[in-house]
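# Structure assessment
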Amino acid sequence: MRPDSLHEAESRHSLTPQQFRELARGDGSPATLAALSRAEYSHRLLLFDLLMDALSPLAGVTGRLPAAQRAWDLLAAAQRQNPAAVEELLLLPETGLWLTRLLTRLRSAGRAETPLWAEAGHLHTLAAVAAARAGLTFSFPVPALQERVWLPTMGLALLPSVHRQRNTWSVAEVRSVCGRLTLIGGYGHLRLPSGPEHPARGWLPQRRPALGAGASRRITLDDLGHHRLAPLPDGAAKRLTQSAYDSWSRLLQDAYGLLTTMDPPTADAAAVLLRSLQPMPAHERLRVRSVSSGHGVGGLALSMPDTAPLCAATLVHELQHSKLSALMHLYPLHEPAPPGAVQRLYYAPWRDDPRPLGGMLQGAYAFTAVARFWSACAVQLTGHVSSLARFESALWLGQLADVVPDLATDPALAALGRDALQDLLGAVVRLHDRTGEGSEVTMARRMAADHRATWKLAHVRPHPDDVGRLAAAWCAGRKQPPALPPRPHPEIQESGARHLDARAMLVRVGLADPAALDKMRGSQGDHVPGAGPADVLWACAEFAAARRLYSQDIQSASAGPGAWTGLGLALADAGHAPEAVKALTAVPEMVAGVYGAARRMSQRTPDPIVLASWLGQGDAGPPGTC
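Scope of this entry: the structure provided in the associated data block. For clarity, every value in this text was computed on a predicted model and none was experimentally measured. (Residues numbered from 1 in each chain as written. Predicted model: local features only at pLDDT ≥ 70, side-chain atom pairs only at ≥ 80, totals over all residues. Heavy atoms only, no water.)

What follows is about the layout of surface pockets. Of the voids in this model, the largest pocket is the one considered here, and its volume is about 1600 Å³. Taken together, 50 residues line the largest pocket, and the ones lying closest to its centre are Ser-290, His-317, Trp-350, Arg-351 and Phe-367. Ranked by the residues each element gives to the lining of the largest pocket, the list is headed by helix 11 (residues 308-330), at 8 residues. Class assignment of the residues belonging to the lining of the largest pocket gives a composition of 20 nonpolar, 18 polar and 12 charged. Among the secondary structure elements, those contributing two or more residues to the lining of the second largest pocket are helix 6 (93-107), helix 7 (116-120), helix 8 (122-133), strand 1 (138-145), strand 2 (148-151) and strand 3 (155-158). A class-by-class count of the residues in the lining of the second largest pocket yields 18 nonpolar, 8 polar and 10 charged. (1 Å grid on protein atoms, 1.4 Å probe; cavity = no way out; pocket = protein on both sides within 12 Å on 5 of 7 lines; lining within 4 Å. Points joined across faces, edges and corners; volume = space filled by probe spheres on them. Helix = DSSP H or I, 4+ residues; strand = E, 2+ residues; numbered from the N terminus. Nonpolar A, V, L, I, M, F, W, Y, C, P; charged D, E, K, R; others polar.)

A few words on the nonpolar core. Judged by nonpolar contacts, the single largest core of 137 residues is most densely connected at Trp-350, Phe-373 and Leu-615. The element best represented in this core is helix 12 (residues 357-380), accounting for 14 residues. The contact partners of Leu-615, leaving out residues within four places of it in the chain, are Leu-470, Pro-482, Leu-484, Ala-583, Met-590, Val-591 and Val-594. Met-52, Leu-55, Leu-92 and Ala-131 belong to the second largest nonpolar core, which has 50 residues in total. (Core = buried A, V, L, I, M, F, W, Y, C linked by side-chain atoms within 4.5 Å. Buried < 20%, exposed > 50% of the residue type's maximum accessible area, 1.4 Å probe, protein only. Contact = heavy atoms within 4.5 Å.)

A few words now on unusual backbone geometry. Cis geometry marks the peptide bond from Leu-232 to Pro-233; its omega dihedral reads 5°. Relative to the assigned elements, Pro-233 resides in the loop between strand 8 (220-221) and helix 9 (242-262). Of note in the backbone geometry, Ala-541 takes a positive phi value of approximately 65° without being a glycine. In the Ramachandran plot, Ala-577 falls in the positive-phi region, its phi being about 45° despite a non-glycine side chain. Tracing the chain through its elements places Ala-577 in the loop between helix 21 (561-574) and helix 22 (578-586).

Turning our eyes to something else, we now look at the packing of aromatic side chains. If you walk through the whole model with that rule in mind, you get 9 aromatic pairs. Summarising the aromatic geometry, the rings of Trp-350 and Phe-367 are spaced 5.4 Å apart at their centres and angled 15° between planes, so their arrangement reads as stacked. Residue Trp-350 is located in the loop between helix 11 and helix 12, and its partner Phe-367 is located in helix 12; the two are separated by 17 residues in the primary sequence. Residue class for Phe-367 comes out buried when judged on its relative accessible area of 9%. Ring geometry for Trp-474 versus Trp-614: centroids 5.7 Å apart, planes at 55°, classification tilted. Here Trp-474, found in helix 16 (residues 464-475), pairs with Trp-614, found in helix 24 (residues 608-616); they are 140 residues apart in sequence, far enough to count as distant. Of the two residues examined, Trp-474 and Trp-614, each falls in the buried class. One aromatic cluster is present, formed by Phe-48, Trp-72 and Trp-98 through successive ring pairs. (Phe/Tyr/Trp six-rings, centres within 6.5 Å; stacked < 30°, edge-to-face > 60°.)

So, about helix 22. Burial in helix 22 covers these residues: Ala-580, Val-581, Ala-583, Leu-584 and Ala-586. Where helix 22 is buried, its residues touch helix 15 (439-459), helix 21, helix 23 (588-602) and helix 24.

Turning our attention to empty space enclosed by the protein. Applying the stated criterion to the full structure yields 2 cavities of 30 Å³ or more. If you trace the largest cavity, you find it lined by Ala-24, Leu-324, Leu-333, Leu-361, Tyr-365, Leu-413, Gly-417, Ala-420, Leu-421 and Leu-424. Secondary-structure elements contributing two or more residues to the lining of the largest cavity are helix 12 and helix 14 (415-433). At 4 residues, the largest contribution of residues to the lining of the largest cavity is made by helix 14. Here the residues of the lining of the largest cavity sort into 9 nonpolar, 1 polar and no charged. Its volume calculated, the second largest cavity comes out at about 60 Å³. Residue lining of the second largest cavity: Leu-36, Ser-37, Glu-40, Leu-91, Leu-273, Arg-275, Val-297, Gly-298 and Ala-326, and that is the complete set. Ranked by residue count, the leading element in the lining of the second largest cavity is helix 3 (residues 30-55), at 3 residues.

Between two packed helices, both the angle of their axes relative to each other and the distance between the axes serve to describe the pair. The geometry of helix 16 relative to helix 24 is characterised by a closest axis approach of 12 Å and an angle of 115° between their N-to-C directions. Here helix 16 is positioned roughly perpendicular relative to helix 24, judged by the angle of their axes. Both helix 16 and helix 24 take part in a crossing whose hand is right-handed. Residues Leu-470, Ala-473 and Trp-474 of helix 16 form the contact with helix 24, whose participating residues are Val-610, Leu-611, Trp-614 and Leu-615. (Axes fitted to C-alpha atoms, helices over the stretch in contact; angles between N-to-C directions. Parallel < 35°, antiparallel > 145°, perpendicular 65-115°, else oblique. Left-handed = near helix turned anticlockwise from the far one by under 90°.)

Pairing of strand 1 with strand 4 (residues 169-177), which is carried by 8 bridges, proceeds in the antiparallel orientation. Bridging from a neighbouring strand, Phe-140 pairs with Val-174 of strand 4. Examined bridge by bridge, strand 4 and strand 5 (residues 180-185) share 5 bridges and lie antiparallel to one another. Within strand 5, the position partnered with Val-174 by the bridge is Leu-183. (Pairing = 2+ DSSP bridges.)

This part takes up the side chain of Asp-222. By the secondary structure assignment, Asp-222 is in the loop between strand 8 and helix 9. The exposure class of Asp-222 is buried, given its relative accessible area of 0%. Residues within four places of Asp-222 in sequence aside, it is in contact with Glu-94, Gln-206, Arg-228, Leu-277, Gln-278 and Pro-279.

Relative to the assigned elements, Val-581 resides in helix 22. Assessed through its relative accessible area of 17%, Val-581 is described here as buried. Sequence spacing of Val-581 and Ala-570 is 11 residues, and the spatial spacing of their C-alpha atoms is 9.1 Å. Those residues in contact with Val-581 that sit more than four places away from it in its chain are Gly-568, Leu-571, Ala-572 and His-576.

This part is about the sheet that holds strand 10 (residues 290-291). The pairing of strands in a sheet comes from backbone hydrogen bonds and takes either a parallel or an antiparallel form. If you trace the 4 strands from one edge of the open sheet to the other, you get 8-9-11-10, paired in mixed fashion. Two strands in the sheet have a free side with no partner beyond their single neighbour: strand 8 and strand 10. Judged from the 5 bridges that link them, strand 9 (residues 276-280) and strand 11 (residues 299-303) form a sheet pairing that is parallel. From the neighbouring strand, Leu-277 faces strand 11, where its bridge partner is Leu-300. Sheet contacts for helix 9: strand 8, strand 9 and strand 11; angle to strand 9, the most-contacted strand, approximately 125°.

Encoded structure:
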């Protein structure tokens, strides 16, 4: 079962040049995806090989459980009897997460909430489940948390207990005779039903909805397991009510049906790679919270989307992450940064924070496919959904066309990474060339520029000497137009600013449900995180009122970065102060910096529009430069 060597495993799995190019541009035929899945299974086997090598010399690491080799032997016996069941268990996203976390823990000292013996004992649980599914007769100890035993792919057993103290671990026994499972704990036993997919007293089966109506492909809706993709509290396992499960099942079927029509490459990826979904609590309207991990290929956690198209778009996004992660397990596309090295950081249109090369590759890869999905929806759907789709596709394609070429210049890219980026850029250009015109497309371009400018305000720091010189010139009477210094590589710092796309979210609300946006205008509630009253007024086309509020926010000295760029949008929409609009679009960080310095120097509050107009008389550079 274990590969003899790393070389042997690598020699078994490779992609043809055509298959690599398919995946690099975001596609992948069923045959290519099947080859990728087989390679990922080999990758998991290698991780198990590393784990066994790490556990073997550690005496007593499994505590009261048998030695790791005993669990491995049982797993191997099950594999000989039912290899498909073992492959399914080893390819579970949760298995990949557990493997990686345990290997990391064994390499580094530190405290953890789960005892090491219980963490390592998940190997025993996997072996017991594999043996049960293979129909073997056996008795084997496994870890139990609060007298609960999680059996991956099967369900959660709640053994008899006097009390269930939080984070209390013990040992339970799994016995299998003639295909029937019995679990024995410290306070009694529980016999599972003959059909483990049926609920019973003390037994919660793992539920597996079909991807599509009448489809044979099913995925695990994981509301039970303790290996979670998202951190607590949002990622916590919580049993769904039957009503909630039914809603998730219908939503997934509708989303998959959309994918088969709008984005067949992702429908194919879902049919081959998607294995589990971990529900999270509801999030804000039109923004789905979703998480995936390169260590858990085929898994995702997400909050329930408002609509089937939003659910489908989220599946596209996260499945692309899985595809690229699996591809990079075969072919690393860039060199990892050395420990302690300062990484080059980029502007990522899909994030609030600056991102290194690895994160940029994942984001660009995911959003190229998201744009592909929305482009198809814009053509084939109607009504508000079509309007939203035109906005989404134009927004992402414009931003991708802006940032992907810059990634190709990063010296950390491997040769295959440069090839993959060229293929990805080709896909972006082809989609971008098909983008038409219209109000949604125009607004998408404006929101792209707005996000970039707001991001610069949050993270780009102009040189203090430049800020001081310009502030002194302003305070001295500003008789001459300012000379703005060209600084092609300003300092970038993570500021912790969030919700930089709040106005874009308001635009989405207006496109999807104009009445909902109108209701926000008179409401005191914060319906879109990060959006203030001025933003709502701007979204409702009340530009003069929005301008006044933005100016007041800035002069109160408590404004976030969005107030300055919102002021620029309101001025542009009203046709006022073109020099101010120019400066607030091209060098907003300089405007804010000079404003603050001038305020401190003169003990007076400058008019933000007048100051921005003065700075805009200089050579501010092309809009959107960073």
